[in-house]
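Structural overview for review
Residue strings, one per chain:
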Amino acid sequence: MDLNEQRITMALAPRAVRYFDSVSSTNDVATEWMREGALKGAVVVADEQTAGRGRLGRTWYTPPGVALATSVILRVKAEHLPQVNMMGALAVTNLLQALNLTEVSIKWPNDVLVGGRKICGILPEAVWNGNNMEGAVLGMGLNVRNNFAGTPLEEKATSIEAITGKPQDRAA
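Residues numbered from 1 in each chain as written. Predicted model: local features only at pLDDT ≥ 70, side-chain atom pairs only at ≥ 80, totals over all residues. Heavy atoms only, no water.

Another aspect to go through is unusual backbone geometry. Put simply, alanine 13 and proline 14 share a cis peptide bond, and its omega is 10 degrees. Summarising the element assignment, proline 14 is placed in the loop between helix H1 (5-12) and strand E1 (17-23). The peptide bond linking tryptophan 108 to proline 109 adopts the cis configuration, its omega dihedral lying at 15 degrees. Counting through the fold element by element, proline 109 comes out in the loop between strand E5 (104-107) and strand E6 (111-114). (Helix = DSSP H or I, 4+ residues; strand = E, 2+ residues; numbered from the N terminus.)

Written out as structure tokens, the structure reads:
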């Protein structure tokens, strides 16, 4: 089964969803949507992310058809911001364990690992309007079908398909 806009929207109903074949960054799209008044729990999903980012300004490219690039809009108060990152990491960890993956761990502050290799990056970003925090955007990039063989990331990253040895449904 291929995942597409209609299937993603149906699976995430009743929450609002914006799906894109390609975006620069799901966090950027979600931040703009939040400023336009999106409700808490709204989700941005993209098949391809051309200018994603990680912690410390590191760049991250999500090729089409291999990963799940999402950002969730959270209407949290500033005092709860420190828990946002951990909430995302725990949600991904629970998902991977539900898929019967073992050796799942969290590498603080923003990576989820399987067997010591990165399978997901988490990037929370506060959204401010002057001195007032509107909420946060929680970006999560999960490697589903990525093949890192023969790349510099071969020993550092993995995907659900690489671990299970089973073809995974196409991400978009």
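Don't stop here, the text continues.
Moving on: the pattern of salt bridges. If you walk through the whole model with that rule in mind, you get 3 salt bridges. The residue arginine 18 makes a salt bridge to glutamate 36 at a minimum N-O spacing of 3.6 Å. You can see arginine 18 sitting in strand E1 and its partner glutamate 36 sitting in the loop between helix H2 (26-35) and strand E2 (43-53), a full 18 residues away along the chain. For arginine 18, a relative accessible area of 32% puts it in the partly exposed group. Notably, a salt bridge pairs lysine 118 with aspartate 111, separated by 3.1 Å at the nearest N-O pair. (Salt bridge = Lys/Arg side-chain N within 4 Å of Asp/Glu carboxyl O. Buried < 20%, exposed > 50% of the residue type's maximum accessible area, 1.4 Å probe, protein only.)

A few words now on the pairing of E1. For E1 and E2, the ladder comprises 6 bridges, and the chain directions are parallel. Residue pairing for E2: arginine 18 is matched across the bridge by valine 44. Between the parallel elements E1 and E2, the chain passes through H2 in a crossover that is right-handed. (Pairing = 2+ DSSP bridges. Right-handed = clockwise from strand over helix to strand, strands pointing away.)

Membership of the largest hydrophobic core comes to 23 residues, with the highest contact counts inside it found for Val92, Leu96, Val112, Ile119, Cys120, Ile122 and Leu142. Among the secondary structure elements, those contributing two or more residues to this core are E1, E2, strand E4 (67-74), helix H3 (81-98), E6, strand E7 (117-129) and strand E8 (132-143). Per-element tally for this core: the top contributor is H3, with 4 residues. Once you skip the residues sitting within four places of it in the chain, isoleucine 119 turns out to touch Leu96, Val112, Leu113, Val114, Gly141, Leu142, Asn143, Thr158, Ser159, Ile160 and Ile163. (Core = buried A, V, L, I, M, F, W, Y, C linked by side-chain atoms within 4.5 Å. Contact = heavy atoms within 4.5 Å.)

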